[in-house]
Every structure is written in C-alpha cells, then in structure tokens.
Amino acid sequence: MKQAFLASFYLSLAAGIWGGMYVVSKYVLDYIPPFTLVWLRYAVALIVLGAVAVAKRERPPKNGRDWGMIITVGIIGYVVSISLQFVGTKWSNAHTASLITASTPAFVVLFARWLIGEALTWRKLGALLLATFGVIVIVGLGVGEESTFLGNVCLVGAAVTWALLSVLVKMASARLSVFSVTTYAIFVAFIGMTPMMLAEGPGLAASHWSVPVALGVLYLGVVSTAGAFFLWNKGGADPKRECVLGSAPTFLPQI
C-alpha cells in the first residue's frame, strides 16, 4: 500500500513539474532553437546526475542487453519524443500541447497490452476519460489561439513515443536501477542530440542570453529533466503498478 502511494506521489510530482515546463519552454524557445534547447537541457541534467552517480559510486551497465535497453529508452523517449514535444510546442500553443499529450495514456494501454501483456479493463478506460477531462477543466480548450497542423502532428508523435517510453522503462527497471536507466538514457540522448543541435545552426548567440533565459535553461535541465525524469521512471517502475495507472497524472501536461 505504501509503495503504491509513493509511486502515485512520484508520478504526480513529475507531472506537476512538467506542467510548468510548457510555460518555461515556450518562453525560452523565443531565444534558443528547439534542438539546441533540448541539448542544453540534457547537458545540464548530465552534470547533476553525473555528480550524484560519482557520489553513489554508480556503475554503468555491463552487458549488451542492458545497454540495448538503455539506448532504446534514450533514443525513443529522450531524443525523438522530447524533440517532437519542443518543436510541437514552438509551432503550436500551450493549450493544444496539453490536450494532445493528454492522449498519452491511451497509447500506453496499447503498448502495455502489446509488449507486456497487460489486460484492458473498464478501470483503465475510466482513468483515461478522467485524465482527459481533467486537462480540459484545468487548461481549457484554447479556442482562437494560434496553432499549426505540423505542430499538432509533432505533439501527437511526442505523445505516442512517450507512451512507448513509459512501457520500456518498466521493462528496463526489471534488470537495472531506476537511477541507472535515467542517467545513462539521458547520456545516450545527449550524444544523439549533438548532431541535431549542430545541424540546427548557431543557437547560442550572446544576444539571446539573459537572466530569465538562463534560469529557464537551468529549470529545464535540473528540475524538469534530472529531477522529473527520475521521479517519472521511479513511479512507473513499481512492479505492482500497471502502466496505464502509472500514466494517470496526465491530467497535467506530462512531457
């Protein structure tokens, strides 16, 4: 009972952090291009997680299967999904982003059924409807706000790939610690984002930097990446908790 409560607490806290992330990232994206911002976010997160890993004397995975799982989590969840989310948020609006990413639990149901054989129940369907209704109540429909079709497509892609990530993390945590999965997957994502950042062109001009922008980058890296990714993975890794329920906090924006 205590373990289930803690899992729900971790997931809700991560979702709350990501709710604020939409506002912060929307502001910072006016000054720093999307891929460059994602790269900076991971660079900051790696400094934090690397320091913790040294303090804990955390050892890297030893075999190819474990590295394969970590690379899959890093590429699908932290390169593809987060990049789509940032690009979608830049070309859409915060209301639409929140509503579209609220569809993530529906995709979690499908992936959990396909990859780990979880059953589809009325309880899960009720949780999906409640999560969607909660987003509408909290953020509204955003009628009249500027939003592009391509931006919305990117946000749908972000929701699908994040749902897959949620299931993959649950599978990986059966073999590895949650901290290891989070840290080394972000390391993989940092490497994967580097060529995309370089291809994007100059994005770190001195004229773009100010105290609010710097604080925004720190928030994205320390709080919404190093902190929230670990909390999300920690909550979702509960072996007694089904994946769709582990994604229920999406009544707040989740990515």
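The structure this text deals with has already been given above.
Residues numbered from 1 in each chain as written. Predicted model: local features only at pLDDT ≥ 70, side-chain atom pairs only at ≥ 80, totals over all residues. Heavy atoms only, no water.

**Student:** How should the overall build of the protein chain be read in this particular structure?
**Tutor:** From N to C terminus, the protein chain includes 10 helices and zero strands. Counted from the first residue to the last, the protein chain has its helices and strands arranged as α-α-α-α-α-α-α-α-α-α. Looking at the protein chain alone, contacts between residues at least 24 apart form 94% of all its contacts between residues at least 6 apart. Of the roughly 11600 Å² that the protein chain leaves accessible, carbon and sulfur atoms contribute 73%. (Helix = DSSP H or I, 4+ residues; strand = E, 2+ residues; numbered from the N terminus. Contact = heavy atoms within 4.5 Å. Areas by Shrake-Rupley, 256 points an atom, 1.4 Å probe, with all protein chains shown as cover.)

**Student:** Sorry if this is basic, but what is going on with the packing of helix H2 (residues 34-56) against helix H3 (residues 64-91) here?
**Tutor:** The relative placement of two packed helices comes down to the angle between their axes together with the axis-to-axis distance. Relative to each other, H2 and H3 sit at 130 degrees, their axes nearing to 9 Å. It follows that H2 is oblique to H3 by the angle criterion. Between H2 and H3 the crossing geometry is right-handed. Here Pro-34, Phe-35, Leu-37, Val-38, Arg-41 and Tyr-42 of H2 come into contact with H3, specifically with Tyr-78, Val-79, Ile-82, Ser-83, Gln-85, Phe-86, Val-87 and Lys-90. Taken together, the residues that form the contact of H2 with H3 break down as 10 nonpolar, two polar and two charged. (Axes fitted to C-alpha atoms, helices over the stretch in contact; angles between N-to-C directions. Parallel < 35°, antiparallel > 145°, perpendicular 65-115°, else oblique. Left-handed = near helix turned anticlockwise from the far one by under 90°. Nonpolar A, V, L, I, M, F, W, Y, C, P; charged D, E, K, R; others polar.)

**Student:** How do you make sense of the nonpolar core when you look at a structure like this?
**Tutor:** In summary, soluble globular proteins display a tendency toward joint burial of nonpolar side chains. By size, the foremost hydrophobic cluster in this structure holds 49 residues, and its most contacted members are Trp-18, Leu-37, Tyr-42, Tyr-78, Trp-162, Ile-186 and Phe-229. Looking at this core, the elements that each hand over two or more residues are helix H1 (2-28), H2, H3, helix H7 (149-172), helix H8 (178-200) and helix H9 (211-236). When residues of this core are assigned to their parent elements, the largest contribution, 10 residues, is made by H2. With residues near it in sequence (within four places) discarded, Leu-37 still touches Ser-25, Val-28, Leu-29, Ile-32, Phe-86, Val-217 and Leu-220. (Core = buried A, V, L, I, M, F, W, Y, C linked by side-chain atoms within 4.5 Å. Buried < 20%, exposed > 50% of the residue type's maximum accessible area, 1.4 Å probe, protein only.)

**Student:** Hey, could you run me through H3 in this one?
**Tutor:** Along an α-helix, a turn takes 3.6 residues, which lines up residues three or four apart on a common side. Its 28 residues give H3 an end-to-end C-alpha distance of 38 Å, which sits within 8% of 40 Å, the value for a rise of 1.5 Å per residue. When the local axis directions of H3 are compared, the greatest deviation, roughly 25 degrees, occurs at Gly-74. Backbone nitrogen of Arg-65 and a side-chain oxygen of the N-cap are separated by 3.2 Å at the start of H3; the cap is Asn-63. (Expected span 1.5 Å × (residues − 1). Bend = angle between axes of the 7 residues up to and from the residue. Polar contact = N/O pair within 3.5 Å; in protein donor to acceptor, adjacent residues only side chain to side chain.)

**Student:** Teacher, can you tell me more about unusual backbone geometry here?
**Tutor:** Trans is the prevailing form of peptide bonds, just as negative phi is the prevailing case for residues other than glycine. Positive phi is not limited to glycine here, since Arg-57 has a value of about 55 degrees. Within the element layout of this structure, Arg-57 appears in the loop between H2 and H3. Here Arg-57 falls in the exposed class, since its relative accessible area comes to 75%.

**Student:** Looking at this structure, how should I read a nonpolar patch on the surface?
**Tutor:** On the surface, a cluster of nonpolar side chains totalling about 410 Å² of accessible area is made up of Val-211, Leu-215, Leu-218, Val-222 and Val-223. Structurally, the position occupied by Val-211 is in helix H9. (Patch = residues over 30% accessible without salt bridge, like charges linked within 9 Å, V, L, I, M, F, W, Y side chains within 5 Å. Salt bridge = Lys/Arg side-chain N within 4 Å of Asp/Glu carboxyl O.)

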